[in-house]
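Coordinates in review
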Amino acid sequence: MATNPPMPPTQYLITPKEWEAASSAVLDAIRCFIDGLRSAPCLKARTIKEEIDAKTQNDDVSSLFAHLQSLGVVQQVQTLQTPDQTIQKQPKTDKEINPSGLEAMLLDHYKGDDRKQILHQIIYPILKRLQQCYAALDTIESNLPPCNDKIETHNKTSKSKRKNAAPPPLGMLSLNDYVNVACLLEFTISISLVPALEYPYLYQLQLNPYKSSSVGKNTSSDSGAIQFPKVTSHTTTMAQRRIQALPKPLAGRISKTALTWGSSYAAEMNESLHKKILDYNKLPHHNDATEDAITPQQLYDVYSAYQAYTEVTSLATSIGHLVLLDRFRPMLLPRHLSDIYLGLLIAERLRWVLLGLEKNMMLPKLQSELQSLFIIRGEREVEKLNSCELQSLERGLLFSSLKFQSSFITNVNSNELSTVTRTIDHREAALACRTLLSGGAVMTNMEQVVSSTTNPSIPPWLRMRLGQFLTTLAGDNLQSVVDVFVAYAHGHGGNGDGDENGSNDMGDEIMSGAAARLARALCAKPAGRPSSEHGSTPFLAKLCSQFVEFLVEEGQQHIKKSKEAENYELVRSRSSVAMSLTLWATIGQLSMDVFLSTFVRQMASGLYPQGDSGRSKYDAIQSTAAIGAFLATTLSSLDPSTKKKLNAMLVSSLSLQSNNTQCNSPTLLGQILRLASCFDKDAECAESKLVVPLDNSDKSDDAAFLNVAVMTIIQTIQVVTRLGSEGQNQGEHDAALALLKAVSINPSDTDGYTFERAFSTQCDNIRPTCYFVKRSRNDDSSDLMKGIERRAKVLVHRVIVPLSRTIDELPDEMKDTDAWMRIVPSSLFRLVLQLHFSNLTQHDDTSKYELNDGDEEELRVASTALLALLCEECSPALLLGGDNEADNGVLKTLGLILESGAALLRDGRGADSQSEHSEELLSTTSIVLSLLVAILELGAEKRSEGGELIFQSMMPSLRTLSCGGDVQSAELSSLVTELAEMASHAMALIATRNEVVTEDSVSKPRAAASDKSDIELVVDHITEAERDLESSQPPLRARGVVTLRHIARSLADSGVSHVPKKSLVIEVDGVKTSDGSKEQLVLLARTLTRICLNALADSESYVYLASIHTLVAISDVCPSEIITLMGSVVSTGAVNITVLTNGAKETPIEMSFAQEQRIKAVEALIFIIRRRGDGIFLNGPSLLETMLFGQMKMATNQAGAAQDMSQLIQVQTHDYFQRSQEEGDDEVDARTRLGTGGPVFSCEESDLLRSAAISLVCELVSTLHPAVIAQYCHALVRLALDALQLESSRPVRRSAALLARELYACVMREETTEEEAEKKATSAMAIAMVCAGEDKLVIALTRCVAATDVDSNNSLAVKGKTRLVDPATQSRSKEALEMRDELDIIFQMAAVVAKSMEREAKDPVVEAVRKALSESM
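These figures come from a predicted structure and were not determined experimentally.

Each helix and strand counted, the chain has 58 helices and eight strands in total. Every one of the 1417 residues in the chain was classed for burial, and the buried ones make up 52%. When contacts within the chain are restricted to residue pairs at least 6 apart in sequence, those whose partners lie at least 24 apart make up 79%. Accessible surface, the chain: about 64,700 Å² in total, of which carbon and sulfur atoms supply 51%.

Structural data, given as structure tokens:
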């Protein structure tokens, strides 16, 4: 039974000399004890003969305690007394209590246990007395007055020389004394703590009373039997591990056998106790236990756990308070601090076990009975004596144990604890945790001991508590934890710069791995930890706060170095690198909300308004420097989650950082740029002063602050460029957009927020500060524009231009790695250029940029100011710079303008809404297209891979431009047609760049000009182009189309309608054309038309589009011939013409065309009509008659589509338009979808041809004069009406609705044009429509919009046909009705006139007058 004397407070009742004598006596006892261990026979290795002789002589060589008693060590310890006579003897056993049964057996076993007797009767008293003596001596010495005594010394060289020297400390220990004390502590650990690691189940450490269903309960008939584990394999693994790290002075003083004796003896005593328990279990009267009595298992479990608890707490308090003394701390604390922590953790576990035994395994009425037992009361006395010291020790060690309130544990009031004067720092605690986690806390479990395996590990409960303790340390002092676990990951040693164990590089793999492990441990989410609405916890907040403090300190170092030199290199220590690595690893573990709302908010607090909370902890200068220090350590490779967080921090608006909801839009880069412009403005003001100040410190401070702000901006650009947009390679676009947002106006500018200079006097150090504060609301547009100009100037002069100089000065091998310096300025230039054009079109394609609707106007204003500065200050090579070469930047810029023009034409309404701006953009696009064609025709045949990819990326924009678009404005129609022609030619030229040269593609040598006539040479060129068009290689077919285009252009330039040239032969790109007669030109035009009509069947879009526009060019040569020919192709699908063949022979041929070719021929005719504009009046009426009254040959499906096919078409068409709502298209996009008419199916090809013919009629109606259209009004109205009422084909009905809309538009044009207004228009068109039955057309359109003219469940709209709802037809019908509503008054008047004309026609008098007048004329 363990009992220790009480430890009263130290009082000065005796002199210091008597305290020194007492301490000497304790040291003598320790020396005798160590000598006893060295001379103990049981701790010496002996031969087999010596063992036999010892047994025959009955020598008691196995008892170490008996040996120490024989040496008088026990008596010497018992006689030790402190001078104040306050140490009490061990209390005697109560004679009135006679334990019996199991209690007596356990008590006898305890008395025969040498290990426990040595601990309780020798070691613990010695350690208590040693700690008490030296604590008193230290206290006395600290309170003594300064000593002025002089110590006289004699030196051989000086006979009587006196020196002043400090007297030796009270109770000074010799080196031998220190070694003896260290040996005593090592032996104490080996017989108390090491056996707990070797056999933890003997200390009840593996007992889980909360999960066991049998321990301590009477659940069977054999409840009196005690279940007790037996050690079957003696191991000293833990002791051997500890011996390997034993210091050399101790290894020579204490033997290894002594250090392994505790583990071996504990196993032997386990076997002895096991035999006694087996004998006890055989007693029959113990099987009669009831639920009202304490079972033997309960008694054994509680006693063994309670005894282990008192033993461990005695160990921790005895060693802990001793090593915290100044005398012993340097030598003993580093080695034994981890042992003390381990003891505290084991004691905590045993408290949990006792609580479980008490709460879940015993009835409440049995608790008092159990605590009244003698062996339990003895342990209780020891626990009471240790309780206060245990709490005091935990405070000194920064350890907060879990409180398990049990009746076996004394509840200590905090008021009873004395003030802790001796504590350790966080770094020492972290080192102890590392020692335990790296092997100092491994234990052997029960299964491994039974199976004789040795694979010890740290128990889960112990690892969890070490992690929790480490987390607590990190919350208080993160730097210490990082130094221990990351900076020293290479091994022990200081954080020297680049020592042999490690480096200071951010790419250190060992430190990076250690930082990642530490971050995972720190950011683990234990259950029950409170969190805020953003998921942040108080611990994470403290963690982020320490990271920010570290970054602020690093930032101050940058500012300090910046004051010394503009270009500096900051040497970082290993500790600083480790902290940065841990920071990045922690960011990877944090959620997005915690990262922004906790870490970024604290770091950037000085850059944002604080609302009513007052000024932030850091000012704007500190926050900017911290951000710069943070970005300067960005790792070379980041996970996608960290990239997304950084993008959210650097690019997005950080509303989470502002307590003022009215100021929630500024970006981080924008605030830093505003701060830089503030210092730049102050620097300019200082330079403009006439009086030079005596002190230039303010000026140097401003220059340093400006330098740090600019460097932070550059680092932000570099990081954003490297990261890209959510892992995509679009980083330069994000950087460009972020810079433009930084320059533009945000709500904080209009709310009156600005950076204000101040001075801080913290820590008696005056330093300049700057805060983002609110002054007064600023609605003055001039001031806002000045701010934009100032920020743009700082960005261009301080960032972009220096970047261009930097990359020019870099060596060639580094230019590729730092290519972002050239990419970002060019990307910014293209962005502002695109916004400039989008400002004209109000319809920009910003798929590469994430623009909010509310930011577009501010960004356009900023782009105007920034564009001017970029063009003025930056070189063209910088602005047009690309990934690999400067010309790629030129091509990207050209592609940007082409895309802007294509975006305008995707929506004809957008183009018409701002005709002036649209004309400006389309004119610029026309110039760019001509430049692109020149580059393609006259430039290099082969460019770099990047340049060729840029050419290919232009194809979608060129395809859009070549289609022309639905432009209703007459002013833009000819310009759009010209763009379509050049765009198709550019597409063909780009396609030829991928030409594959084969034997068939090599041109044969041309004959000399003298051998053949001009016409024959032209025919040879045409034949060569036709051969290319028949090739299977698309690039070769594109080359053939390009050749035809050149010939057509040259024919147009030498046509009969042009001024005669001096030369009869014109050479264009190697193609000779003759300025011959009209008949020859017609033959050449027909020949070219034949080839182009055949090329319309090509599957490649750039081939047939180029053929369409080549037909348009051919029509310029002889429009009457070509337009008539094309009309015949569309109407009949077959023509008989005479063309030129080989040798310039005239050959009549007959051609027939597929429906696809005829549809494309309609597109060519539409472009011809648009290109000729008002000049179409010469050929327009004949073409209109051909379309209306010509013999249209086509295969039609009079029976209509099958029911299932019609339903399938309707479903897919519905999905096409429904996608518009699901994707959230705006009104313009929805109209665009409706205008396209939805997808066209192959079964509708014949209907599409008829629809195309009607579309051609619509184009003529929109172009020809209303007076001409009025002559055909009856046929046109009937066509639209019959198609709407009788047709079931979707394309035909759509074109019919479009025709109705164009007829009403023609009426409106007749009434609104200036020419008709001057002539006081007679409304001939409106009257003609009324006479043609316009009212029936209105009814048909109304039914179409209301969808009452489609099939229903009960009836068919058209007999034998299937007619379903078509949204495109409804949309066009609705537009026609809207125009009809605007013209309602006109049609009412026209109806009156028409009625009058009808009456006059029936009046015989009027008829007679007309006849007479006609005869007279």
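With that out of the way, let us pick up the side chain of Asp1028. With respect to the element layout, Asp1028 can be found in helix H40 (residues 1014–1029). In this structure Asp1028 touches Leu1036, Arg1037, Arg1039 and Gly1040, once residues within four positions along its chain are discounted.

What follows is about the packing of helix H11 (residues 296–323) against helix H14 (residues 374–396). With their axes 9 Å apart at the nearest point, H11 and H14 run at an angle of 35 degrees to one another. You can see that H11 and H14 cross each other, and the crossing is left-handed. For the contact of H11 with H14, the class distribution of residues is 11 nonpolar, nine polar and four charged.

In this structure, Phe33, Phe187, Phe599, Phe630 and Met649 are the most contacted members of the largest nonpolar core, which totals 391 residues. Sorting elements by how many residues they give to this core places helix H12 (residues 329–360) first, with 16 residues. Contacts of Phe33, omitting those with residues within four sequence positions, involve Leu68, Val73, Ile118, Ile122, Ile123, Leu184 and Phe187.

The phi angle of most residues is negative, glycine excepted, and most peptide bonds adopt the trans form. The backbone of Leu398 sits at a positive phi, close to 60 degrees, despite the residue not being glycine. On the basis of relative accessibility, which here comes to 29%, the residue Leu398 falls in the partly exposed class. In the Ramachandran plot, Ala1347 falls in the positive-phi region, its phi being about 60 degrees despite a non-glycine side chain. With respect to the helices, strands and loops of the structure, Ala1347 is situated in the loop between helix H55 (1334–1346) and helix H56 (1367–1382).

What follows concerns the pattern of salt bridges. Applying the stated criterion across every chain, the model contains 36 salt bridges. Residues Arg1250 and Glu1287 are paired through a salt bridge, measuring 2.6 Å at the closest nitrogen-oxygen approach. Linking Arg1250 in helix H49 (residues 1245–1263) with Glu1287 in the loop between helix H51 (1273–1286) and helix H52 (1290–1312), this pair joins segments that are 37 residues apart in sequence.

Right, let's get into the pairing of strand S7 (residues 1134–1141). Taken residue by residue, a regular strand's side chains alternate between the two faces of the sheet. As paired elements, S7 and strand S8 (residues 1145–1152) share eight bridges and run antiparallel to each other. Bridging from a neighbouring strand, Leu1140 pairs with Glu1146 of S8. Counted along the chain from S7 to the antiparallel partner S8, the turn is three residues long, and its residue Gly1143 has a positive phi close to 80 degrees.

The predicted model of the chain averages 76 in pLDDT, with 71% of residues at 70 or higher. Predicted confidence is poor over residues 686–696, with pLDDT under 50, and the contacts of this stretch with residues over four places away or in other chains come to zero contacts. Below pLDDT 50 for its whole length, residues 1196–1203 participates in 10 contacts with residues either more than four positions away or in separate chains.

Relative to the helices and strands, Glu981 resides in helix H39 (residues 970–992). Given a relative accessible area of 7%, Glu981 falls into the buried group. Excluding residues that lie within four positions of it along the chain, Glu981 makes contacts with Arg1045, Arg1049, His1109, Ala1113 and Arg1171.

Looking now at the packing of aromatic side chains. For any pair of aromatic rings, the description consists of the separation of the ring centres together with the inter-plane angle of the planes. Evaluation of the coordinates by the stated rule reveals 15 aromatic pairs. A ring pair is formed by Tyr178 and Phe328, whose centres lie 6.1 Å apart and whose planes are at 70 degrees; its orientation type is edge-to-face. With Tyr178 in helix H7 (residues 175–198) and Phe328 in the loop between H11 and H12, this pair connects stretches of sequence that are 150 residues apart. For the pair shown, Tyr178 and Phe328 are each scored as buried. A ring pair is formed by Trp261 and Tyr265, whose centres lie 4.8 Å apart and whose planes are at 25 degrees; its orientation type is stacked. Placement of both Trp261 and Tyr265 in helix H10 (residues 256–281) is noted, with a separation of four residues, approximately one turn of the helix. Both residues of the pair, Trp261 and Tyr265, count as buried. Here a set of aromatic residues connected by ring pairs shows up, and it is made of Phe33, Phe187, Trp261 and Tyr265. Here Lys1160 stacks its cationic end above the ring of Tyr1104, 3.7 Å away from the centre of that ring.

Further remarks concern the environment of Val74. Tracing the chain through its elements places Val74 in helix H4 (residues 73–78). If we ignore the near neighbours within four places in the chain, the residues touching Val74 are Phe65, Leu68, Gln69, Gln121 and Ile122.

Think of an α-helix as 3.6 residues a turn; residues three or four steps apart then line up on the same face. Of all the positions in helix H24 (residues 640–650), only Thr642, Lys645, Leu646, Asn647, Ala648, Met649 and Leu650 are classed as buried. With a side-chain oxygen lying 3.1 Å from the backbone nitrogen of Ser641, the N-terminal cap of H24 falls on Asp639.

This next bit is on the environment of Gly320. Looking at the secondary structure, you find Gly320 in helix H11. Here the alpha-carbon distance between Gly320 and His336, two residues 16 residues apart in the chain, equals 8.4 Å. Those residues in contact with Gly320 that sit more than four places away from it in its chain are Leu315, Ile340 and Leu393.

A separate point is a nonpolar patch on the surface. On the surface, a cluster of nonpolar side chains totalling about 280 Å² of accessible area is made up of Val1405, Val1409 and Leu1413. Take Leu1413: it is sitting in helix H58 (residues 1404–1416).

About the thresholds
- Residues numbered from 1 in each chain as written.
- Predicted model: local features only at pLDDT ≥ 70, side-chain atom pairs only at ≥ 80, totals over all residues.
- Heavy atoms only, no water.
- Helix = DSSP H or I, 4+ residues; strand = E, 2+ residues; numbered from the N terminus.
- Buried < 20%, exposed > 50% of the residue type's maximum accessible area, 1.4 Å probe, protein only.
- Contact = heavy atoms within 4.5 Å.
- Areas by Shrake-Rupley, 256 points an atom, 1.4 Å probe, with all protein chains shown as cover.
- Axes fitted to C-alpha atoms, helices over the stretch in contact; angles between N-to-C directions.
- Left-handed = near helix turned anticlockwise from the far one by under 90°.
- Nonpolar A, V, L, I, M, F, W, Y, C, P; charged D, E, K, R; others polar.
- Core = buried A, V, L, I, M, F, W, Y, C linked by side-chain atoms within 4.5 Å.
- Salt bridge = Lys/Arg side-chain N within 4 Å of Asp/Glu carboxyl O.
- Pairing = 2+ DSSP bridges.
- pLDDT = per-residue confidence, 0-100.
- Phe/Tyr/Trp six-rings, centres within 6.5 Å; stacked < 30°, edge-to-face > 60°.
- Lys NZ or Arg CZ within 6 Å of the ring centre and 35° of its normal.
- Polar contact = N/O pair within 3.5 Å; in protein donor to acceptor, adjacent residues only side chain to side chain.
- Patch = residues over 30% accessible without salt bridge, like charges linked within 9 Å, V, L, I, M, F, W, Y side chains within 5 Å.

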